[in-house]
Amino acid sequence: MDFTFTEEQQAAAEAARGVFAGVAPDAVPSPALTPGAVADTFDRPLWHRLADADLLSLLLAQEYGGAGLDAVALCLVLRESAKVLARVPLLESCAAAAAVQAYGGPELKAGLLARAGRGEAVLTVGAHGRTGHDPAELAVTARQDGPGWVLDGVQTTVPWVYDADLVVVPARTAADLTVLALVPRGAEGVSLAEQFSTSGERLGELRLESVRLAARDVIDAEGAWEWLRELLATGTCALALGLGERVLGMTSEYASKREQFGHPIATFQAVAVQCADRYIDLRAMEATLWQAAWRIASGAPGALPASGDVAVAKIWASEGVRRIVQSAQHLHGGFGADVDYPLHRYHAWAKHLELALGPAAAHEEALGDLLAAHPLA
């Protein structure tokens, strides 16, 4: 496998490293000490810097002010953002805008994409359904009413929903088709209830009661939701990889300096073996991530649909990032639980990423269904 990145992809990653260089992972109160949200909104100054560096428009075509890059470039930027626990809706907004570009109508694209690329319009996605276990598209119903649509239902744990201008909501029609509805947060019939992530970020339960939308704000193209869901899951894997790399680096640095019995603990076989095992996890997370991102970006055929590669990547991301932070806590000892040290924050974010868009078990089940439907020769 050749995972060599193009010059444009490498330039995006380099620009991201520059933007995230000054971001402190402990810039907000510790989630361990905060009963509610750690902050009222996301990191707005960082959001503006990302917009100024053209990192919010990576996936958009030049006609909308974008760079015309692909899912691999986005994942490279997300990887860097997770190393500093960047508190911005980078994945959700970029993925939603990319879905609008790929499947939306001309009027919707003209009115939204350039604004999203400049960071003026913030988008998020309701992708967890009613319980987090059932398919998200089954949690909301959509029916046509004259020239428009009417939506009813509930989406839980919607990230950044209190800050978003538009929420992309998958919904099921009576004809058993899935549409994507772009719901303004302040639309009539929309209500929010606070929920909180393990990372301390404010999520929201989105309730839709007879919410009316114009036809231009509903994407009914076949495959739109599946494509968006796969991009979101792959982006979550990129976040897990970046977080895992930073945590393993912190652990390696600590183990090389912490001494017991007159020697650095990194020289002890038990410590070295644990670190080596976690390094293997990282490499597996990386290989499966780029395979999934490449399938989405290229549309190349394979033995299984691209969703199979996404499922494999999410299985490794969920299990791998959990093992990495657990080993890091163990090898740091009591120091790892110190709320004045940032490791506990990475642990909290890792738990959120592990469960986001389904834990490993859910994707193992999906992969099993794909294998049953597409027997390998």
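Right above here is the structure, for reference.
Note on numbering: residues in each chain are counted from 1, in written sequence order. In view of the model being predicted, local features appear only for residues whose pLDDT reaches at least 70, and side-chain atom pairs are presented and counted only at 80 or more, with totals across whole chains, interfaces and linings using the full set of residues. Each side-chain value is worked out from all heavy atoms of the structure, with water and hydrogens disregarded.

**Q** Quick one: what's the story with the overall build of the chain, residue by residue and with numbers?
**A** A run of H or I in DSSP becomes a helix once it reaches four residues, and a run of E becomes a strand once it reaches two; helices and strands are each numbered from the N terminus. Counting secondary structure elements, the chain contains ten helices and ten strands. Projected onto its principal axes, the C-alpha positions of the chain cover 80 × 55 × 40 Å. Contacts are assigned to residue pairs with any non-hydrogen atoms lying within 4.5 Å of each other. The contacts in the chain between residues at least 6 apart in sequence include a share of 74% that link residues at least 24 apart.

**Q** An account of the pairing of strand E3 (residues 148-159) is needed here, citing residue identities and associated values.
**A** Burial classification: accessible surface area is computed with a 1.4 Å probe over protein chains only, and a residue below 20% of its type maximum counts as buried, one above 50% as exposed, and the rest as partly exposed. Most of E3 sits inside the fold, with ten of its twelve residues counted as buried. In this structure, strand E2 (residues 140-145) lies alongside E3, joined through six bridges in antiparallel fashion. Residue pairing for E3: Thr 141 is matched across the bridge by Asp 152. The antiparallel pairing of E2 with E3 creates a hairpin that spans two residues between the two strands, and Gly 146 there sits at a positive phi of about 65 degrees. As judged from the eight bridges shared by E3 and strand E7 (residues 202-213), these two strands associate in the antiparallel manner. What sits directly across from Val 154, in E7, is Arg 207. DSSP calls a pair of strands paired once it identifies at least 2 bridges connecting them.

**Q** I'd like a description of the environment of Glu 137, backed by residues and values.
**A** One can find Glu 137 in the loop between strand E1 (123-125) and E2. Residues Glu 137 and Arg 258 lie 121 residues apart in sequence; the distance between their C-alpha atoms is 50 Å.

**Q** I'd love a proper account of the environment of Ala 127, names of residues and values included.
**A** Structurally, Ala 127 can be placed in the loop between E1 and E2. Linking Ala 127 and Ala 233, residues 106 residues apart in sequence, is a C-alpha distance of 10.0 Å. Setting aside residues up to four positions removed in sequence, Ala 127 forms contacts with Ala 136, Gln 155, Trp 225, Leu 232 and Leu 357.

**Q** Give a description of the packing of helix H1 (residues 7-20) against helix H3 (residues 71-83) that names residues and reports values.
**A** Axis lines are fitted to C-alpha atoms, over the contacting stretch for helices. Their N-to-C directions set the angle, which ranges from 0 to 180 degrees. Where H1 contacts H3, the axes come no closer than 9 Å and their chain directions differ by 25 degrees. On the basis of their axis angle, the class for H1 and H3 is roughly parallel. Crossing geometry of H1 relative to H3 is assigned as right-handed. Facing Gln 9, Ala 12, Ala 13, Ala 16, Arg 17 and Phe 20 of H1, the residues of H3 in contact are Val 72, Ala 73, Leu 76, Val 77, Glu 80 and Ser 81. In the scheme used here, Gly and all other residues not listed as nonpolar or charged are polar, with Ala, Val, Leu, Ile, Met, Phe, Trp, Tyr, Cys and Pro taken as nonpolar and Asp, Glu, Lys and Arg as charged. Its residues assigned to classes, the contact of H1 with H3 shows eight nonpolar, two polar and two charged. Roughly parallel means an angle under 35 degrees; roughly antiparallel, over 145; roughly perpendicular, 65 to 115; everything else is oblique. Left-handed is the label given to a crossing in which the near helix is rotated counterclockwise from the far helix by less than a right angle, and right-handed is the label when the rotation is clockwise.

**Q** Break down helix H10 (residues 360-373) for me, citing the residues and quoting the values.
**A** Residue count minus one, scaled by 1.5 Å, sets the expected span of a helix. The end-to-end C-alpha distance of H10, which contains 14 residues, comes to 20 Å, matching closely the 20 Å that a straight helix rising 1.5 Å per residue would cover. Those residues of H10 that sit buried are Ala 360, His 363, Leu 367 and Leu 370. Down the axis of H10, the buried set is contained in an arc of 80 degrees. They therefore lie on one face. Those residues of H10 that are exposed and angled more than 90 degrees off the buried face are Ala 361, Glu 365, Asp 369, Ala 372 and Ala 373. For H10, the secondary structure elements touched by its buried residues are helix H8 (306-332). Taking the helix axis as origin, the arc is that swept by the directions to the C-beta atoms.

**Q** Before we move on, could you go through the side chain of Thr 234 and cite the residues and values that matter?
**A** Along the chain, Thr 234 turns up in helix H6 (residues 224-257). Among all residues touching Thr 234, those that are not within four sequence positions of it are Cys 75, Leu 289, Ala 292, Ala 293, Ile 296 and Val 310.

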